[in-house]
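# Fold and geometry: a report
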Amino acid sequence: MDRIVGSAVVKNYENGKVTVNVLKQVDLVIDSHDFVGITGASGSGKTTLLYVLSGLERPTAGTVTLFGKATGDYSDRELALLRQRKIGFIFQFYNLIPNLTVRENVELATVLADRRDPKRIDAVLAMVGMLDRKDAFPNELSGGMQQRVAIARALVNDPEIIFADEPTGNLDSVNAADIMEILRDLNRTHRKTVVLVTHGEEFLKYCNRNVRLADGRVVKDVRLDAV
Ligand SMILES: Nc1ncnc2c1ncn2[C@@H]1O[C@H](COP(=O)(O)OP(=O)(O)OP(=O)(O)O)[C@@H](O)[C@H]1O
Ligand SMILES: [Mg+2]
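Description of the structure in this document. (Residues numbered from 1 in each chain as written. Chains lettered and ligands numbered in written order. Predicted model: local features only at pLDDT ≥ 70, side-chain atom pairs only at ≥ 80, totals over all residues. Heavy atoms only, no water.)

Turning our eyes to something else, we now look at the sheet that holds strand β5 (residues 69–70). Each strand in a sheet pairs with its neighbour through backbone hydrogen bonds, running either in the same direction (parallel) or in the opposite one (antiparallel). Read across the sheet, four strands follow the order β2-β1-β4-β5 without closing on themselves; strand pairing throughout is antiparallel. In this open sheet, the two strands that pair with only one neighbour each are β2 (18–31) and β5. (Pairing = 2+ DSSP bridges. Helix = DSSP H or I, 4+ residues; strand = E, 2+ residues; numbered from the N terminus.)

So, about the packing of aromatic side chains. Evaluated as defined, the whole model comprises two aromatic pairs. Judged by centre distance (6.0 Å) and plane angle (5 degrees), the rings of F89 and F91 are stacked. By way of ring pairs, the aromatic residues F89, F91 and F163 are connected into one cluster. One residue, K69, lies across the ring of Y74, its end atom 4.8 Å from the ring centre. Of note, K86 hangs over the ring of F67, and the distance from its end group to the ring centre comes to 4.3 Å. (Phe/Tyr/Trp six-rings, centres within 6.5 Å; stacked < 30°, edge-to-face > 60°. Lys NZ or Arg CZ within 6 Å of the ring centre and 35° of its normal.)

Once that is clear, we can look at the packing of helix α3 (residues 102–112) against helix α4 (residues 118–127). Put simply, α3 and α4 touch, their axes get as near as 10 Å, and they point 125 degrees apart. Judged by the angle between their axes, α3 and α4 are oblique. With respect to the hand of their crossing, α3 and α4 are arranged in right-handed fashion. For the pair α3 and α4, the contacting residues are V102, R103, V106, E107 and T110 in the first and P118, I121, D122, V124 and L125 in the second. Taken together, the residues of the contact of α3 with α4 break down into six nonpolar, one polar and three charged. (Axes fitted to C-alpha atoms, helices over the stretch in contact; angles between N-to-C directions. Parallel < 35°, antiparallel > 145°, perpendicular 65-115°, else oblique. Left-handed = near helix turned anticlockwise from the far one by under 90°. Contact = heavy atoms within 4.5 Å. Nonpolar A, V, L, I, M, F, W, Y, C, P; charged D, E, K, R; others polar.)

The quantities given are spatial measurements derived from coordinates; they are silent on function.
And the structure:
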C-alpha cells in the first residue's frame, strides 16, 4: 500500500531576496512496508525532504500525499493532529525535555495528542529497554539511552510512520547498532513504515531500500536485502 506519495516535489526557501531551490522535482512513492534509508551529501536536501514528506512543511510546488490526502489540502490543525497521532519523529539530538523524567517525557506526547494511556507508556519504555530508568532525568542518561527514550516517545501514540533524521549521528557504533535494530524491529514486527535519513552507508544494511539525493534530486532508488 502506498503510504506517502511525493509527486514533482519542489521546495524553495526564501533567504531575504534570494530563493534557494532545495528540492527539484522529487518523485517518490513510499510503501507501508518500507524501511527507507535516505542518503546524500550534506546539503543535498535530506532533512528538507523529511520535513516535506512528513507534513511538517508543505511543498512549494508538486504534491505530497499522506494517508490518501495531499498535505496542501490539510489544515494546519489537521496536520498537527496527524503528526501527533499517526507519525512519530526521532531526531539526532533527542530533544527530550530536561526537567521532565523519562516517563514524563513520554507521557507528554500522550497528553498533547489527548491519548492518555499509562499502560502504553510502560509498554513502550519496556520495548526500548528503558522501563527500569523511568524516573531518571535525561541528563542522568547516556546518549544511547536518551535516544531510546526519544524512540519510546515517538512510538507511544502508536504511529503508522516513523521519520528519523540521523538518529545515530551522535552515538558510538554499539549504541548506533542498537538503535538501528530497534528501528528494523519496528518495521518488521510492528509493521511501521520507517523513513530514515542517515549519513552512514553502514546503516543501509538494516534498510530494505536506499534513496540517494544529490543536489535536491533523487539520483538512486534501489531495493536492498536487509540483514
Ligand atoms: N530554512 C531554510 N532556509 C534557507 N535555506 C535552507 C533552510 N533549510 C535548509 N536550507 C538549505 O537547503 C539545503 C539543504 O538543506 P538540508 O538541511 O535539507 O540538507 P541535508 O541533506 O539534511 O544536510 P545535512 O546532511 O548537513 O543535515 C542547504 O543548502 C541548506 O542551507
Ligand atoms: Mg539534515
